[in-house]
Amino acid sequence: MARSPGIQMTVSVSAIAHRKLFEQAAARGYKPSAYAQMLFDAAFAARCGQERDEPPADAELDEQVRLVFACAGQGNSAAIARATGVPEHRVVRILDAWKQAGGLPKRAPVQAPAAAPAVASGGYPVETIRRLWAEGLSTREIADRIGKGEGALSVWMTKHRDVCPKRRRA
């Protein structure tokens, strides 16, 4: 199922949530922005179904939501069993087998920030952006590194010329 192009929006999170998102994404081999998108999609689908007090009509989306929460390690064996519809004794056996095998295969790790970075409005890591901009990286490269959308970062950079001064063109 192909995704339609998304509309970007900016969301602010606390420094603690930002750090945790980086840690959890890195542990699962995702970029923070991709992991945040998965969590948002799952939560939004669940909330819409709750508000209408009806089961999800899209079986594929329902399955994706279950898998995101289970793969994200949210909940204990009983919660995973309820979410996936798999009997709890089987969930326990699967989780034990994964532990014995060393866990799920990991994707290439994404480096999480060592400490909570200095943050300006919008939750952008100021010192990281300042350093990457000074090194000559493009807006797109910086956006990829910090897990933000290129358009939103470009707007932020324009508003924060003290961090990202205009570059002279050769």
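Treat the numbers as computed from the prediction; the structure is a model and nothing was measured.

K.L.:
Just checking my understanding: could you explain the overall build of the protein for this structure?
P.N.:
Looking only at helices and strands, one finds eight helices and zero strands in the protein. When each of the 170 residues of the protein is scored for burial, the buried share is 24%. A total accessible area of about 11900 Å² is found for the protein, and carbon and sulfur atoms account for 56% of it.

K.L.:
Teacher, can you tell me more about the confidence of the model for the protein here?
P.N.:
As a note on interpretation, predicted positions should not be read in detail where pLDDT is low. Chain-level statistics for the protein give a pLDDT mean of 74 and a share of 65% at 70 or above. Mean pLDDT values for the elements of the protein range from 62 in helix H3 (residues 59-71) up to 89 in helix H7 (residues 139-146).

K.L.:
Can you help me understand the packing of aromatic side chains in this one?
P.N.:
For any pair of aromatic rings, geometry is given as the distance between the ring centres together with the angle between the planes. The full count for this structure, using the stated rule, is two aromatic pairs. Centre to centre, the rings of Tyr30 and Tyr35 are 6.2 Å apart; their planes meet at 25°, and the pair counts as stacked. Seen in terms of ring centroids, Tyr124 and Trp156 are 5.0 Å apart; in terms of plane orientation they differ by 25°. Their pairing is stacked. Residue Tyr124 is located in the loop between helix H5 (88-100) and helix H6 (126-134), and its partner Trp156 is located in helix H8 (residues 150-159); the two are separated by 32 residues in the primary sequence. Across the pair, exposure class does not vary: Tyr124 and Trp156 are buried alike. Above the face of the Tyr124 ring, Lys148 is positioned so that its terminal group lies 4.5 Å from the ring centre.

K.L.:
What exactly am I supposed to notice about the nonpolar core here?
P.N.:
Nonpolar side chains in soluble globular proteins tend to be buried together. Counting residues in hydrophobic clusters, the biggest one holds 15 residues, and the most contacted among them are Tyr124, Ile129, Ile142, Leu153, Trp156 and Met157. Of all the elements in the fold, those that place two or more residues in this core are H6, H7 and H8. Not counting the four nearest positions on each side in its chain, Ile129 is found in contact with Tyr124, Ile142, Ile146, Leu153, Trp156, Val163 and Cys164.

K.L.:
Honestly, the environment of Ala79 in this entry has me stumped. Any pointers?
P.N.:
For Ala79, the position within the fold is in helix H4 (residues 77-84). The sequence separation of Ala79 and Val91 amounts to 12 residues, and the corresponding C-alpha distance is 9.8 Å.

K.L.:
How do you make sense of the side chain of His160 when you look at a structure like this?
P.N.:
For His160, the location among the structural elements is in the segment after H8. Given a relative accessible area of 15%, His160 falls into the buried group. A polar contact is formed between the side chain of His160 and the backbone oxygen of Trp156, at a distance of 2.8 Å.

K.L.:
What is the right way to read H8 from this model?
P.N.:
The periodicity of an α-helix, 3.6 residues per turn, causes residues three or four places apart in sequence to face the same way. Those residues of H8 that fall on the buried side of the exposure criterion are Ala152, Leu153, Trp156 and Met157. With its buried residues spanning 135° around the axis, H8 presents them on a single face. Buried residues along H8 sit against H6 and H7.

K.L.:
So what exactly am I meant to see when it comes to the pattern of salt bridges here?
P.N.:
Side-chain pairs of opposite charge can arise where the charged atoms are in close proximity. Following the criterion strictly, the structure yields five salt bridges and no others. One salt bridge connects Arg19 with Glu23, and the closest N-O pair in it is separated by 3.8 Å. Here Arg19 and its partner Glu23 are both found in helix H1 (residues 15-28), four residues apart, which amounts to about one turn of the helix. The class of Glu23 is partly exposed, set by a relative accessible area of 35%. Close ionic contact of Lys20 with Glu23 constitutes a salt bridge, the shortest N to O distance being 4.0 Å. Of this pair, Lys20 and Glu23 are both found in helix H1, three residues apart, which corresponds to roughly one turn of the helix.

Each value, and the rule that gives it
- Residues numbered from 1 in each chain as written.
- Predicted model: local features only at pLDDT ≥ 70, side-chain atom pairs only at ≥ 80, totals over all residues.
- Heavy atoms only, no water.
- Helix = DSSP H or I, 4+ residues; strand = E, 2+ residues; numbered from the N terminus.
- Buried < 20%, exposed > 50% of the residue type's maximum accessible area, 1.4 Å probe, protein only.
- Areas by Shrake-Rupley, 256 points an atom, 1.4 Å probe, with all protein chains shown as cover.
- pLDDT = per-residue confidence, 0-100.
- Phe/Tyr/Trp six-rings, centres within 6.5 Å; stacked < 30°, edge-to-face > 60°.
- Lys NZ or Arg CZ within 6 Å of the ring centre and 35° of its normal.
- Core = buried A, V, L, I, M, F, W, Y, C linked by side-chain atoms within 4.5 Å.
- Contact = heavy atoms within 4.5 Å.
- Polar contact = N/O pair within 3.5 Å; in protein donor to acceptor, adjacent residues only side chain to side chain.
- Arc of directions from axis to C-beta.
- Salt bridge = Lys/Arg side-chain N within 4 Å of Asp/Glu carboxyl O.

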